Amino acid sequence: MSADDREPRSASDEAMYAADDVRPADPAATPGDEPPEPHESHAGHSHAPAPLRVSRRPWLFAGVVALVAVALVGVVIVYAERRAFDFEVELMTALAAARTPAVTAVALVFDVLGGGLLSNVVFPILIAAALLVWRRPWAALYFGVAALASAGVTRLVKVSVGRVRPEDILVHPDFGSFPSGHSSAAALIATALGLVFMRTWVWVAGIAWTVLMMLSRMYLGAHWLSDTVGGALVGAGVALIVWAPFAYRLYRENRLQHPPIWRPIEPAATT
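In this text, all values refer to a predicted model and were calculated from it rather than measured experimentally. (Residues numbered from 1 in each chain as written. Predicted model: local features only at pLDDT ≥ 70, side-chain atom pairs only at ≥ 80, totals over all residues. Heavy atoms only, no water.)

Structural notes on the nonpolar core
No. 1: If you look at the biggest cluster of nonpolar residues, it comprises 32 residues, and the most contacted ones within it are Leu131, Tyr142, Phe143, Leu188 and Trp243.
No. 2: Of all the elements in the fold, those that place two or more residues in this core are α2 (57–79), α5 (116–133), α6 (137–161), α7 (181–197) and α9 (225–254).
No. 3: The leading source of residues in this core is α9, at 10 residues.
No. 4: Setting aside anything within four residues of it in sequence, one finds Leu188 in contact with Phe143, Ala146, Ala147, Ser150, Gly235, Ala236 and Ala239.
No. 5: Formed by five residues, the second largest nonpolar core is a distinct cluster that contains Ala107, Val171, Tyr219 and Ala222. (Core = buried A, V, L, I, M, F, W, Y, C linked by side-chain atoms within 4.5 Å. Buried < 20%, exposed > 50% of the residue type's maximum accessible area, 1.4 Å probe, protein only. Helix = DSSP H or I, 4+ residues; strand = E, 2+ residues; numbered from the N terminus. Contact = heavy atoms within 4.5 Å.)

Below you can see the structure in the form of C-alpha cells.
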C-alpha cells in the first residue's frame, strides 16, 4: 500500500495532529520515531518530512479542566451539604412521573451493561483483546491504563464525597452517588475509542452511548443530574490525560495496516 492509497485523515484526526504542527528532529527523541510517510515531490523524488509533533497540550488541558470541575462540584456538595440542587429535585420528579414499563425495561438493560463486572472488567478486557487481535498493541495498552485510571478516580471521588442517592430509585446501586460510575465508564470508552480510531462515526456512537447512559441513570433514580455530568467528565478527562503520553505512538500505529492476526500484512507497494 503506497502513501497515496492510504485513507485520508478525518476532521477530528486533523484537529489532533495539525498539519502545521511540525518541528525539526529532536536529537533526544526516541530512535525510529520518524513519520513513516514521506512527501512526494512533483519531480518524482521523495524526501523525509520533519518529524510530526502531536498537539497534546490543548487536549491535556481539557482533561485537567474536566477533573478540576469534578473536584469543585464535589467540594460544593461536601461543604454545602447538598443532597441535591433544587433544579435536580424538579428534574427527578418529572422523570419519575414519566416512567413507563417499556422505557424502564430499556433503562434496566443500560443498568446491567453499564456497571458491575460487565462494564469494569468484561468490556475493557474484550476491547483490549480486540485491539490486540487487530494489531493495535499501543491502543490496547492505552485503553487498559485509561480504564483502570478512570475506575480508580471514580471510586476515589465517590468515597471522598459520599453523596446520598435519590430516594425514588428502581435499582440497588453501591455506595456514593457522585459521580456516576456508569456515566464515567461510558464516557471513558467513548473518548478512548474516539482517540484511537479518529473516525466521526466512532465519536457519534460514543457520545450517543454516553448520553443514553446518563439519561438512564437519572430515569432509574440512581443519580442526580450533576452525578451523571460529573461521571462523564471523569471518564473523558482521564481518557484525555492518559492519551497524552501515548499520543505519538497511537498516531503512528493508526497509519499502519490492521488486518487480524490470522491474516498476513500485505507488503507495501513500490513506486
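Further notes follow.
A word on the packing of α6 against α9
No. 1: Packing of α6 against α9 leaves a shortest axis separation of 9 Å and a crossing angle of 165°. One element, α6, and the other, α9, form an angle in the roughly antiparallel class. By crossing handedness, the relation of α6 to α9 is classed as right-handed. In this structure, α6 uses Pro137, Trp138, Ala139, Leu141, Tyr142, Val145, Ala146, Ala149, Ser150, Val153 and Thr154 to contact α9, whose residues at the interface are Val234, Gly235, Val238, Ala239, Val242, Trp243, Phe246, Arg249, Leu250 and Glu253.
No. 2: Considered class by class, the residues forming the contact of α6 with α9 number 16 nonpolar, three polar and two charged. (Axes fitted to C-alpha atoms, helices over the stretch in contact; angles between N-to-C directions. Parallel < 35°, antiparallel > 145°, perpendicular 65-115°, else oblique. Left-handed = near helix turned anticlockwise from the far one by under 90°. Nonpolar A, V, L, I, M, F, W, Y, C, P; charged D, E, K, R; others polar.)

Considerations on the confidence of the model for the protein
No. 1: Scored by pLDDT, the protein comes out at a mean of 81, with 79% of its residues at no less than 70.
No. 2: In this model residues 1–8 is a low-confidence stretch, pLDDT under 50, and it forms 10 contacts with partners more than four residues away in sequence or in other chains.
No. 3: Scored below 50 in pLDDT, residues 17–50 shows 45 contacts in the model against residues more than four places distant or in partner chains. (pLDDT = per-residue confidence, 0-100.)

Notes on the environment of Phe87
No. 1: For Phe87, the position within the fold is in helix α3 (residues 86–97).
No. 2: For Phe87, a relative accessible area of 47% corresponds to the partly exposed category.
No. 3: Taking the C-alpha atoms as reference points, Phe87 and Leu225, 138 residues apart in sequence, are found 9.1 Å from one another.

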